[in-house]
Structure formats: C-alpha cells, structure tokens
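Examination of the molecular architecture
Next come the chains, spelled out residue by residue.
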Amino acid sequence: MGNKFLDGTALTIVIIGALNWALIGLFRFDLVSFIFGDMSWVSRVVYTLVGLCGIYLFSFFIRLGNRETV
C-alpha cells in the first residue's frame, strides 16, 4: 500500500494545477503567474511540482491494476 500522505499531497497539488489550467482555458487567467510573477523562480517551482506530482500519480494506475477484484 502506498504512502497515504504523499498520495493525498500529490493529488491536492495536481487538482490545484488542474484548476489553474481551467482558469487559463476559460478566462486566459494564469493564477500562478498572477500570485508569484510571470515565470519567476517560485512559479517555475510550482509548475515543476505540479508536473512531478502528475507523473507520480501514474502509480495509481499500477495500484488500481494490482487490486483484487471482488
């Protein structure tokens, strides 16, 4: 079984990233750039964390496939 804290944190960060993409798509408003500046080092860290968490969450597919069906 995976680390629930890490899973929950990664999922939360990815959801925040998805909401940011929804704002970009609907209103052309980038919340991360608005808060931290356009491609500042902090905003680049945020974008990197969202990407890394998204990659980490691919492990959910593996864990879902390994579950026993009832």
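Refer to the structure printed above.
Structural notes, computed from the coordinates. (Residues numbered from 1 in each chain as written. Predicted model: local features only at pLDDT ≥ 70, side-chain atom pairs only at ≥ 80, totals over all residues. Heavy atoms only, no water.)

**A look at the overall build of the chain**
Defined as follows: Going along the chain from the N terminus, every DSSP run of H or I of four or more residues is numbered as a helix, and every run of E of two or more is numbered as a strand. Radius of gyration here is computed from C-alpha atoms only, and the compact-globule reference equals 2.2 Å multiplied by the residue count raised to the power 0.38. A simple rule labels every residue: compare its accessible area, found with a 1.4 Å probe on the protein chains alone, to the largest value its type can have, and call it buried under 20%, exposed over 50%, or partly exposed in between. Computed by Shrake-Rupley with a 1.4 Å probe, the accessible areas treat only the displayed protein chains as cover when residues are assessed. Counting rule applied: Lys, Arg positive; Asp, Glu negative; His and chain ends not counted. Where a charge lies is defined by one atom per residue type: Lys uses NZ, Arg uses CZ, Asp uses CG and Glu uses CD.
A tally of helices and strands in the chain yields four helices and zero strands. For 70 residues, the compact-globule estimate of 2.2 N^0.38 gives 11 Å, and the chain exceeds it by more than 25% at 15 Å. When its C-alpha atoms are laid out on the principal axes, the chain stretches across 50 × 25 × 15 Å. Among the 70 residues that make up the chain, the fraction classed as buried is 13%. Here the chain has roughly 5800 Å² of accessible surface; of this, 73% comes from carbon and sulfur atoms. A gap of 2 Å separates the mean positions of the 5 positive and 4 negative side-chain charges of the chain.

**Examining unusual backbone geometry**
Phi is positive for R28, which is not a glycine, with a value near 55 degrees. Take R28: it is sitting in the loop between helix 1 (4-27) and helix 2 (31-36). Backbone geometry at M39 places phi at a positive 55 degrees, although glycine is not the residue there. On the basis of relative accessibility, which here comes to 48%, the residue M39 falls in the partly exposed class.

**A word on helix 1**
This is how the line gets drawn: In a helix, the anticipated span is given by 1.5 Å times the number of residues less one. Contacts between residues were defined by any pair of non-hydrogen atoms, one from each residue, lying within 4.5 Å. Polar contact is the term for a pair of N or O atoms within 3.5 Å; when the atoms are in protein, one must be able to donate a hydrogen and the other to accept it, and sequence-neighboring residues count only if both atoms are side-chain atoms.
Over its 24 residues, helix 1 extends 34 Å from the first C-alpha to the last, a length consistent with the 34 Å expected when each residue adds 1.5 Å. If you follow the buried residues of helix 1, they end up packed against helix 2, helix 3 (41-56) and helix 4 (59-66). Of the residues that open helix 1, the one with a side-chain oxygen 3.1 Å from the backbone nitrogen of F5 is N3. Immediately beyond the C-terminal end of helix 1, within one or two residues, lies R28, with a positive phi of roughly 55 degrees.

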